[in-house]
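# Structural characterization, general
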Amino acid sequence: MSTETLTKPETTPEGTETTDDDSPKMFHYVKKNKIAESAVMGTHVVALCGEVFPVTKSPKPGSPVCPACKEIYQSLRPGK
């Protein structure tokens, strides 16, 4: 008896901005509890700006952030 590992191909929905090395041009704000699920299961997340995509990369300090997500996030925070 043998086992075979199936890998899920990585897909990029239409409209997702990527660079030549297939990393995102900018990162989006998504619900924290959905990030790990998406990274492990390959499910799609919905960003504050409405962008739908699977989580494939982690942002590093100084990574560019989607301006629409940033604006929405700042409007949700109390006192700002």
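A quick note: this is a predicted structure, and the numbers were derived from the prediction, not measured.

### Here's the deal with the environment of Pro64
Tracing the backbone shows Pro64 in the loop between β2 (52–54) and α2 (67–76). Pro64 gets classed as partly exposed once you look at its relative accessible area, which sits at 43%. Separated by 39 residues in sequence, Pro64 and Lys25 place their C-alpha atoms 7.1 Å apart. Residue contacts for Pro64: discarding those within four places in its chain leaves Lys25, Met26 and Phe27.

### Some thoughts on the packing of aromatic side chains
A ring pair, where both rings are aromatic, is described by two values, the distance of the centres and the angle of the planes. Tallied over the full model, the rule gives 1 aromatic pair. Both rings, one in Tyr29 and one in Tyr73, keep their centres 4.6 Å apart while their planes meet at 5°; by these two values the pair is stacked. Pair noted here: Tyr29 is in the segment before α1 (32–41) and Tyr73 is in helix α2, with a separation of 44 residues, a long-range link. By relative accessible area, which is 26% here, Tyr29 ends up partly exposed.

### Some details on the confidence of the model for the protein chain
Close inspection of predicted coordinates is inappropriate in any region flagged by low pLDDT. In the predicted model, the protein chain carries a mean pLDDT of 78, and the fraction of residues at 70 or more is 66%. Every residue in residues 7–20 scores below 50 in pLDDT, and together they form 22 contacts with partners more than four places removed in sequence or on other chains.

### With respect to the side chain of Ser38
Secondary-structure assignment places Ser38 in helix α1. Overall, the relative accessible area of 1% leaves Ser38 in the buried class. In this view, Ser38 contacts Thr43, Val45, Pro54 and Val55; residues no more than four positions away in its chain are not counted.

Quick notes on the rules
- Residues numbered from 1 in each chain as written.
- Predicted model: local features only at pLDDT ≥ 70, side-chain atom pairs only at ≥ 80, totals over all residues.
- Heavy atoms only, no water.
- Helix = DSSP H or I, 4+ residues; strand = E, 2+ residues; numbered from the N terminus.
- Buried < 20%, exposed > 50% of the residue type's maximum accessible area, 1.4 Å probe, protein only.
- Contact = heavy atoms within 4.5 Å.
- Phe/Tyr/Trp six-rings, centres within 6.5 Å; stacked < 30°, edge-to-face > 60°.
- pLDDT = per-residue confidence, 0-100.

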